[in-house]
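Structural characterization, general
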Amino acid sequence: MKRHYLSALMVICLSWLLAGCASTALPSSEYLLMDNTPKMVISDPKTQVNIQLMPIQVADYLAGSEIVLLSKQGEVHRSQQNLWAEPLSSQLNRLTMQGLIQRLPAANWYKGHNTQVSNLLKLSIAVDAFYGGLDGQVYVSGRWTLFSETGQIIRSHGFMVKETLSENGYSALVQTLASTWFQKVIDPMAKSITDAL
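Since we're looking at a predicted model, the values are computed, not measured.

1. Topic: the overall build of the chain
For the chain, the helix and strand inventory stands at three helices and nine strands. Start at the N end of the chain and walk to the C end: the helices and strands fall as α-β-β-β-β-β-α-β-β-β-β-α. Evaluated residue by residue, the chain yields a buried proportion of 39% over its 197 residues. In the chain, of all internal contacts separated by at least 6 residues, the share reaching a separation of at least 24 is 69%.

2. Description of the packing of aromatic side chains
Taken as a whole and judged by the stated rule, the model has four aromatic pairs. Ring plane angle 80 degrees and centroid distance 5.9 Å describe the contact between Phe-159 and Trp-181, whose orientation is recorded as edge-to-face. Of this pair, Phe-159 sits in strand β9 (residues 153-164) while Trp-181 sits in helix α3 (residues 170-196), and the two are 22 residues apart along the sequence. Taken as a pair, Phe-159 and Trp-181 share a single burial class, namely buried. Aromatic rings pair up to connect Tyr-61, Tyr-131 and Tyr-139 into one cluster.

3. Considerations on the environment of Asp-195
Residue placement: Asp-195 occurs in helix α3. Asp-195 sits 40 residues away from Arg-155 along the chain, and the two C-alpha atoms are 9.7 Å apart.

4. Describing helix α2 (residues 88-103)
Over its 16 residues, α2 extends 22 Å from the first C-alpha to the last, a length consistent with the 22 Å expected when each residue adds 1.5 Å. Regarding α2, the residues found buried are Leu-88, Gln-91, Leu-92, Leu-95, Thr-96, Met-97, Gly-99, Leu-100 and Arg-103.

5. Topic: the pairing of strand β5 (residues 76-84)
As defined by bridge partners, strand β1 (residues 29-31) adjoins β5 across three bridges and the pair is classed as parallel. Residue Glu-30 lies in a different strand from β5, and its bridge partner there is Leu-83. Strand direction decides the pairing type here: strand β4 (residues 66-70) and β5, joined by four bridges, are antiparallel. Looking at β5, one finds that Leu-70 is bridged to Val-76. Hairpin connection between β4 and β5: a loop of five residues separates the two successive antiparallel strands, and Gly-74 in this loop has a positive phi of roughly 90 degrees.

6. Regarding the pattern of salt bridges
Under the definition given, this model contains four salt bridges. Measuring nitrogen to oxygen at the nearest pair gives 2.6 Å for the salt bridge that ties Arg-94 to Glu-86. A salt bridge links Asp-187 to Arg-103; the nearest nitrogen and oxygen atoms lie 2.4 Å apart. Pair noted here: Asp-187 is in helix α3 and Arg-103 is in helix α2, with a separation of 84 residues, a long-range link.

7. Some points on the nonpolar core
Grouped together as the largest cluster of nonpolar side chains are 48 residues, with contacts concentrated most on Leu-33, Leu-123, Ile-125, Phe-130 and Trp-181. Those elements that provide at least two residues to this core are β2 (50-53), β4, α2, β7 (120-133), β8 (137-147), β9 and α3.

8. Considerations on the side chain of Ser-79
Inspection of the secondary structure assignment puts Ser-79 in strand β5. Looking at Ser-79, the relative accessible area reads 8%, which means it is buried. Within the structure, Ser-79 has its side chain in polar contact with the backbone nitrogen of Gln-81 (distance 3.4 Å). In contact with Ser-79, other than residues within four places in its own chain, are Glu-66, Ile-67 and Tyr-170.

Rules used throughout
Residues numbered from 1 in each chain as written. Predicted model: local features only at pLDDT ≥ 70, side-chain atom pairs only at ≥ 80, totals over all residues. Heavy atoms only, no water. Helix = DSSP H or I, 4+ residues; strand = E, 2+ residues; numbered from the N terminus. Buried < 20%, exposed > 50% of the residue type's maximum accessible area, 1.4 Å probe, protein only. Contact = heavy atoms within 4.5 Å. Phe/Tyr/Trp six-rings, centres within 6.5 Å; stacked < 30°, edge-to-face > 60°. Expected span 1.5 Å × (residues − 1). Pairing = 2+ DSSP bridges. Salt bridge = Lys/Arg side-chain N within 4 Å of Asp/Glu carboxyl O. Core = buried A, V, L, I, M, F, W, Y, C linked by side-chain atoms within 4.5 Å. Polar contact = N/O pair within 3.5 Å; in protein donor to acceptor, adjacent residues only side chain to side chain.

Laid out in structure tokens, this is it:
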């Protein structure tokens, strides 16, 4: 009798636990980076060029679907309810290509690993930081390098940008990250590429 009572009590407790877990799931929000910056065309290179955008590399801690917040002490906070709708590297690849085509329309742009084009320059971008800080700032940093068709470095620059959030919330964080990427990374990159050619 006592054993039967304990079994029934365990079943009831387990049912309560499972019901509690199922009812505490919070809805998640998904975000995409959008280019809402003013459209601009930077003067094109003096000669016709073919440029291949290599797949953009992001640091491993940014590769998940969670939007990352980072403290000054290096504590990484990953949001469980505020997520990227697609991997950050995929978004940056697509938007960077669109942004470079719009800013340097006379250049012939290729993406991926296209090797069928002659005189093909290669643009490599590595992103080390792309996150919100617990101090109300966004941080974007990394390095880009433009290589000649023979693999020589034509131009290489690091970027390290910090911008203040105008308001709280993940929506404002995502918008600020996007505008920072285009205005403080892509625009200077496009101008520097033009000056180098």
